[in-house]
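Here is what each chain is made of, one letter per residue.
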Amino acid sequence: MGFMDRFKDAAKQAQDATKAAGDSVASMGGMGGAADTAAKANKIAQHGVKHPAVLKGMRETGQKDPLSGGIEYELEVEVRPTGGEPYTATFTQQLIEQSVDGYKEKIGGEIVVNVDPDDPQSMLLWG
């Protein structure tokens, strides 16, 4: 392979990486959506309230992050807040492929969710 062939190959790899990054951001709703998703996750991680919940079901949405490989799932849970009434919520979250089977095995069982203190319908799987 000559110098120009290596140069063209490097340029193609850079284009592919740029496209993958753009696809990743687009899958999160564009630059604003990606920033909003990150801000929401950070808020829940820092200020969320952990509650037990029952994982009632999960389904793949068809969205996949080409950079992280995360697969988006819609999760249905029954949140059981301490001292409060249980309630059903549905939310989406990206899961890495290695964790999906573990969560599928927990359907019908107890898990922990970290809930946004300002929005009880906004949460993330925790732990």
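Everything quoted here is computed from the prediction, not taken from an experiment.

The rules we used
Residues numbered from 1 in each chain as written. Predicted model: local features only at pLDDT ≥ 70, side-chain atom pairs only at ≥ 80, totals over all residues. Heavy atoms only, no water. Helix = DSSP H or I, 4+ residues; strand = E, 2+ residues; numbered from the N terminus. Buried < 20%, exposed > 50% of the residue type's maximum accessible area, 1.4 Å probe, protein only. Areas by Shrake-Rupley, 256 points an atom, 1.4 Å probe, with all protein chains shown as cover. Salt bridge = Lys/Arg side-chain N within 4 Å of Asp/Glu carboxyl O. Polar contact = N/O pair within 3.5 Å; in protein donor to acceptor, adjacent residues only side chain to side chain. Contact = heavy atoms within 4.5 Å. Pairing = 2+ DSSP bridges. Axes fitted to C-alpha atoms, helices over the stretch in contact; angles between N-to-C directions. Core = buried A, V, L, I, M, F, W, Y, C linked by side-chain atoms within 4.5 Å.

### A word on the overall build of the protein chain
At step 1: The helix and strand inventory of the protein chain stands at 3 helices and 5 strands.
At step 2: Secondary structure elements of the protein chain occur, N-terminal to C-terminal, as α-α-β-β-β-α-β-β.
At step 3: Counting across all 127 residues of the protein chain, residues that qualify as buried make up 28%.
At step 4: In the form shown here, the protein chain has an accessible surface area of approximately 7,900 Å², with 53% of it arising from carbon and sulfur atoms.

### Examining the pattern of salt bridges
At step 1: In total, this model carries 4 salt bridges according to the counting rule given.
At step 2: Taking the shortest distance from any N to any O, the salt bridge between K43 and D118 comes out at 2.7 Å. Placement of K43 in helix α2 (residues 30–47) and of D118 in the loop between β4 (110–116) and β5 (119–125) is noted, with a sequence separation of 75 residues between them.
At step 3: Residue classification places D118 among the exposed positions, given a relative accessible area of 62%.
At step 4: Between E78 and R80 there is a salt bridge whose closest N-O contact spans 2.8 Å.
At step 5: Each of K43, D116 and D118 takes part in a single network of salt bridges with overlapping partners.

### Comments concerning the side chain of N114
At step 1: Along the chain, N114 turns up in strand β4.
At step 2: Given the relative accessible area of 0%, N114 is considered buried.
At step 3: Within polar-contact distance, the side chain of N114 engages the backbone oxygen of I44 at 2.9 Å.
At step 4: In terms of polar contacts, N114 uses its side chain to reach the backbone amide nitrogen of V49, at 3.2 Å.
At step 5: With residues near it in sequence (within four places) discarded, N114 still touches I44, A45, G48, V49, K50, S122, M123, L124 and W126.

### A word on the sheet that holds strand β1 (residues 49–64)
Consider a sheet: its strands pair through backbone hydrogen bonds, and that pairing is either parallel or antiparallel.
At step 1: Strand order in the open sheet formed by 5 strands is β3-β2-β1-β4-β5, and the pairing between neighbours is antiparallel. Of all strands in the sheet, those with a lone pairing partner are β3 (87–95) and β5, marking the two edges. Mean inter-strand twist for the sheet, computed between neighbouring axes without regard to direction, equals 50 degrees.

### Observations regarding the side chain of S122
At step 1: The residue S122 is located in strand β5 in this model.
At step 2: Assessed through its relative accessible area of 7%, S122 is described here as buried.
At step 3: The contact partners of S122, leaving out residues within four places of it in the chain, are K40, I44, N114, V115 and D116.

### Remarks on the nonpolar core
At step 1: One finds M58, V77, V113, M123 and L125 to be the most contacted residues of the largest nonpolar core, which totals 19 residues.
At step 2: Counting only elements with at least two residues in this core, the list comes to β1, β2 (71–79), β3, α3 (97–105), β4 and β5.
At step 3: Of all the elements, β2 adds the most residues to this core, at 5 residues.
At step 4: If we ignore the near neighbours within four places in the chain, the residues touching M123 are I44, V77, V79, Y87, A89, F91, V113, N114 and V115.

### Overview of the pairing of β5
The side chains of a regular strand alternate, first on one face of the sheet and then on the other.
At step 1: The pairing of β4 with β5 spans 4 bridges and is classified as antiparallel. Bridge pairing in β5 places V115 opposite M123.
At step 2: Between β4 and β5, which follow one another and run antiparallel, lie 2 residues.

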